[in-house]
Amino acid sequence: MWKAHSLPDRAALTGVMPGVTLDVSVTETEPDFTEAGRKLFAGEWEFIWASSKVDNLPPMKGFEFALAGRSNVGKSSLVNALTGRKALARTSHTPGRTQQLNFFRIGDKATLVDMPGYGFAAVGKQKVETWTRLIHDYLRGRQNLARVYVLIDARHGLKEVDEDILLTLDKAAVSYQIVLTKADEIKKADIPSLLERTSAAIIRRPAAFPKVLLTSSRDGLGIEQMRASIARLLSERGA
Ligand SMILES: Nc1nc2c(ncn2[C@@H]2O[C@H](COP(=O)(O)OP(=O)(O)OP(=O)(O)O)[C@@H](O)[C@H]2O)c(=O)[nH]1
Ligand SMILES: [Mg+2]
């Protein structure tokens, strides 16, 4: 556990160096996992498994981090942005591209899980039912799932269609965090109110992590923070 007293005391330092202002406000309360995140994701990620049924998941190793969200929100693109690989996960302009749970692993520590999207009726009733069952069964029952990143298109915000997934995670007490995607598509001026609205919408949800991440796989915004978030969770779990 990181200890606040490992940093010099602000008052003492200002005392010995008159006129010098120190900004240690961030590091005073939080350890910085940026470098740990960079290192983790600089390694060699590989595709290890695809599951279309929950009784055919890979053996558990280390911790899993799943990317969930409606079809076309940018889950597979985010896997590529995080791992720095252009086509590790397959992406597409048309919704319904990812049809299985795809597992990408680095060493023994961490696995990213790219999930099929929800809310895309055009694939047909049977596929919708199969994917819905797969998504919910996996999220409810996977013991080494450290966090689910629920992706939300920054242009649209949280919608009714996202309710089921949040409910499943709240009921199963699986920690999740909202990640707004495609930030490059919105005006900078709209960002503060979007973040406020999204945070307010999840504040009373029991399993929601309060901090909302803002990302763009296209221009790299927020990717470093998300890598750091994963590195932090691994460290907290002793991995
Ligand atoms: N502008 C912009 N477009 C993005 C971004 N991320 C993804 N896209 C586009 O959104 C579309 C869908 O991306 P995918 O990553 O395939 O989305 P997905 O959530 O995996 O979709 P499904 O597998 O079908 O559920 C593609 O055309 C991507 O190029 C982003 O950060 N900015
Ligand atoms: Mg996909």
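The notes below deal with the structure included here. Worth saying up front: this structure is predicted, and the values here are computed from it rather than measured. (Residues numbered from 1 in each chain as written. Chains lettered and ligands numbered in written order. Predicted model: local features only at pLDDT ≥ 70, side-chain atom pairs only at ≥ 80, totals over all residues.)

**A look at the environment of Ala183**
Our working rule: Each helix is a run of H or I in the DSSP string that is no shorter than four residues. Each strand is a run of E no shorter than two, and both are numbered from the N terminus. Residue pairs qualify as contacts under a 7 Å threshold applied to their C-beta atoms, which are placed from the backbone.
With respect to the element layout, Ala183 can be found in the loop between strand 6 (176-181) and helix 7 (191-202). Each C-alpha atom of the pair Ala183 and Asp219 lies 8.7 Å from the other, and the pair is 36 residues apart in sequence. Setting aside anything within four residues of it in sequence, one finds Ala183 in contact with Ala154, Leu214, Thr215, Ser216, Leu221 and Gly222.

**What about helix 4 (residues 75-83)?**
Short version of the rule: Backbone-placed C-beta atoms define the burial measure: a residue is buried with 20 or more other C-beta atoms within 10 Å of its own, exposed with 12 or fewer, and partly exposed in between.
Across the nine residues of helix 4, nine count as buried, placing the element largely inside the fold. Within helix 4, burial applies to Lys75, Ser76, Ser77, Leu78, Val79, Asn80, Ala81, Leu82 and Thr83. Just downstream of helix 4, Gly84 is the residue with a positive phi angle, here 70 degrees.

**Thoughts on unusual backbone geometry**
When glycine is set aside, most residues are seen to have a negative phi, and most peptide bonds are trans. Here Asn72, not a glycine, exhibits a phi torsion of approximately 75 degrees, which is positive. Using a count of 21 C-beta atoms within 10 Å as the deciding quantity, one classes Asn72 as buried. Notably, Lys182 is not glycine yet its phi reads approximately 60 degrees, a positive angle. For Lys182, the location among the structural elements is in the loop between strand 6 and helix 7.

**Here's the deal with the nonpolar core**
The criterion, for reference: Think of a nonpolar core as buried Ala, Val, Leu, Ile, Met, Phe, Trp, Tyr and Cys residues, each tied to the set through C-beta atoms within 7 Å.
One finds Ala66, Leu67, Ala68, Val148, Val150, Leu151 and Leu180 to be the most contacted residues of the largest nonpolar core, which totals 50 residues. No other element matches strand 5 (residues 145-153), which puts seven residues into this core. Here Val150 is in contact with Ala68, Gly69, Asp162, Ile165, Leu166, Tyr176, Ile178 and Val179, once residues within four sequence places are set aside.

**As for the site of ligand 1**
Just so we agree on the cut-off: Proximity of a residue to a molecule or strand is defined by its backbone-placed C-beta atom lying within 6 Å of that partner. Three classes are used, and their members are as follows: Ala, Val, Leu, Ile, Met, Phe, Trp, Tyr, Cys and Pro are nonpolar, Asp, Glu, Lys and Arg are charged, and the others, Gly among them, are polar.
Taken together, 24 residues surround ligand 1, and among them Gly74, Ser77, Thr91, Thr98 and Gly117 come closest. It is helix 4 that contributes the most residues to the shell around ligand 1, three residues altogether. The class makeup of the residues in the shell around ligand 1 is three nonpolar, 15 polar and six charged.

**Quick look at the pairing of strand 3 (residues 101-106)**
Note the following rule: By definition, two strands form a pair when at least two bridges between them are found by DSSP.
In terms of burial, strand 3 is a largely internal element, five of the six residues being buried. By the bridge criterion, five bridges tie strand 1 (residues 46-51) to strand 3 in an arrangement that is antiparallel. Its bridge partner lying in strand 3, Phe47 is registered against Phe104. Bridging between strand 3 and strand 4 (residues 110-114) involves five bridges; their strand directions are antiparallel. By the bridge assignment, Arg105 is partnered in strand 4 with Thr111.

**A word on the sheet that holds strand 1**
The test is simple: Interaxial angle, 0 to 180 degrees, is taken between N-to-C directions of lines fitted to C-alpha atoms, where a helix line uses only the stretch in contact.
If you trace the seven strands from one edge of the open sheet to the other, you get 1-3-4-2-5-6-7, paired in mixed fashion. Edge positions in the open sheet fall to strand 1 and strand 7 (213-214), since each of these has one partner strand only. Where helix 4 meets the sheet, its contacts fall on strand 2 (63-69), strand 3, strand 4, strand 5 and strand 6, and the angle it forms with strand 4 comes to roughly 150 degrees. Where helix 7 meets the sheet, it contacts strand 6 and strand 7, and its direction lies at approximately 155 degrees from that of strand 6.

**Notes on the packing of helix 5 (residues 125-141) against helix 6 (residues 163-172)**
Here is the rule: Under this scheme an angle from 65 to 115 degrees is roughly perpendicular, one under 35 degrees roughly parallel, and one over 145 degrees roughly antiparallel; angles in between are oblique. Here is the rule for handedness: rotate from the far helix to the near one, and if that takes an anticlockwise turn smaller than a right angle the crossing is left-handed, while a clockwise turn gives right-handed.
Two numbers describe how helix 5 lies on helix 6: the axes approach to 9 Å, and their chain directions differ by 25 degrees. The orientation of helix 5 with respect to helix 6, classified from their angle, is roughly parallel. In terms of crossing hand, the pair formed by helix 5 and helix 6 is right-handed. From helix 5, His136, Leu139 and Arg140 reach across to helix 6, where they touch Thr168, Leu169 and Ala172. Here the residues of the contact of helix 5 with helix 6 are counted per class, giving three nonpolar, two polar and one charged.

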